[in-house]
Amino acid sequence: MDLIRIGDKLISRRKINSILERIFTLRCQGFSQQEAARQVGVDRSFVSRLETLGEIRRGRRIAVVGFPVANKAELENMLRQEGVEYILLLTDAERWDFVRKKSGLELLNQLMEIVGRIRDYDVVIIIGSDYRIKVSEALLGREVVGVEIGSSPIRGDREVNVEELRSLVRQLVKDKELDNK
């Protein structure tokens, strides 16, 4: 039967399934959790919880955020090979464009969107200055692993050792696998 009675409520399974299908379709099309939630009229946290409930992948979900990096393309390629799901790396020029080309409200909204996204990950690797790492730890309230590439403020791009970062990612995944045993 399509309808379920729970106390005084009459629940439509068809309606629930239709909403779930719409959310998953939007997410597969590349919409953010926030965008998908907005389109179907639910909270972003609901979309996040749905994805967490249905997730079958084992191991830690890792996000990497870093700037200003000189070898961005090389790092992105390696991180994709290692299965990192969220990668946001910027050169010095890109980070300044990111800030300068937006109004204050646009910048705040986009930063909040990024923070909302990376909070869904088990561990976040922050590549940046000592100050940015400290702020990230306070803001995210979860496991943050810092890769310091200089003291704040950093001017100009910095080279990140690809093999050291690869080793760190692998160690984080390995630690989680050991926790699961």
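Structure first, text after, so check above.
Keep in mind that this is a model prediction, so the values were computed, not measured.

1. As for the pairing of strand E4 (residues 86-89)
Relative to E4, strand E3 (residues 62-66) runs parallel, the two being bridged by four bridges. Looking at the pairing, Val65 lines up with Leu88 of E4. Taken together, E3, helix H4 (residues 72-81) and E4 form a β-α-β motif whose crossover is right-handed.

2. Some details on the side chain of Arg166
Assignment of secondary structure puts Arg166 in helix H8 (residues 162-180). Given the relative accessible area of 13%, Arg166 is considered buried. At 3.1 Å, the side chain of Arg166 forms a polar contact with the side chain of Glu163. Apart from residues lying up to four places away in sequence, Arg166 is in contact with Met78, Gln81 and Glu82.

3. A closer look at a nonpolar patch on the surface
A surface patch of nonpolar side chains, amounting to about 330 Å² of accessible area, comprises Leu105, Leu108 and Met112. Looking at the element boundaries, Met112 is found in helix H6 (residues 104-118). Owing to a relative accessible area of 53%, Met112 belongs among the exposed residues under this scheme.

4. Re the side chain of Arg95
Structurally, Arg95 can be placed in helix H5 (residues 92-100). Those residues in contact with Arg95, other than ones at most four positions away along the chain, are Phe67, Pro68, Leu90 and Ile154.

5. Let's talk about the pattern of salt bridges
A side chain with one charge may pair with a side chain of the opposite charge, provided their charged atoms come close. Under the defined criterion, the tally for this structure stands at ten salt bridges. For Arg80, the salt bridge goes to Glu76, with nearest N and O atoms at 3.9 Å. Of this pair, Arg80 and Glu76 both sit in helix H4, separated by four residues, roughly a single helical turn. Since its relative accessible area comes to 18%, Glu76 is described here as buried. A salt bridge links Glu82 to Arg170; the nearest nitrogen and oxygen atoms lie 2.9 Å apart. With Glu82 in the loop between H4 and E4 and Arg170 in helix H8, the pair connects residues that are 88 residues apart, well separated along the chain. Through salt bridges that share partners, Glu82, Glu163, Arg166 and Arg170 make up one connected network.

6. With respect to the nonpolar core
Core analysis: the largest hydrophobic core is formed by 19 residues, its most contacted members being Ile62, Val64, Leu79, Ile125, Ile127 and Leu165. Elements that contribute at least two residues to this core include exactly E3, H4, strand E5 (123-129), strand E6 (143-150) and H8. Among the elements that make up this core, the one with the highest residue count is H8 (four residues). In contact with Leu165, other than residues within four places in its own chain, are Leu75, Met78, Leu79, Ile125, Ile127, Val147 and Val160. Core analysis: the second largest hydrophobic core is formed by 14 residues, Val65, Val115, Ile118 and Ile133 among them.

7. Looking at the sheet that holds E6
In spatial order, the strands read E4-E3-E5-E6; together these four strands make up an open sheet with parallel pairing. Strands at the two margins of the open sheet, each flanked by one partner only, are E4 and E6. Here the strands of the sheet are splayed against their neighbours by 10 degrees on average, with no regard to which way each runs. Examined bridge by bridge, E3 and E5 share five bridges and lie parallel to one another. By the bridge assignment, Ile62 is partnered in E5 with Val123. Along the sheet, H4 makes contact with E3 and E4, crossing E4 at roughly 170 degrees. Against the sheet, helix H7 (residues 130-140) touches E5 and E6, its axis set at about 150 degrees to E5.

Parameters at a glance
Residues numbered from 1 in each chain as written. Predicted model: local features only at pLDDT ≥ 70, side-chain atom pairs only at ≥ 80, totals over all residues. Heavy atoms only, no water. Pairing = 2+ DSSP bridges. Helix = DSSP H or I, 4+ residues; strand = E, 2+ residues; numbered from the N terminus. Right-handed = clockwise from strand over helix to strand, strands pointing away. Buried < 20%, exposed > 50% of the residue type's maximum accessible area, 1.4 Å probe, protein only. Polar contact = N/O pair within 3.5 Å; in protein donor to acceptor, adjacent residues only side chain to side chain. Contact = heavy atoms within 4.5 Å. Patch = residues over 30% accessible without salt bridge, like charges linked within 9 Å, V, L, I, M, F, W, Y side chains within 5 Å. Areas by Shrake-Rupley, 256 points an atom, 1.4 Å probe, with all protein chains shown as cover. Salt bridge = Lys/Arg side-chain N within 4 Å of Asp/Glu carboxyl O. Core = buried A, V, L, I, M, F, W, Y, C linked by side-chain atoms within 4.5 Å. Axes fitted to C-alpha atoms, helices over the stretch in contact; angles between N-to-C directions.

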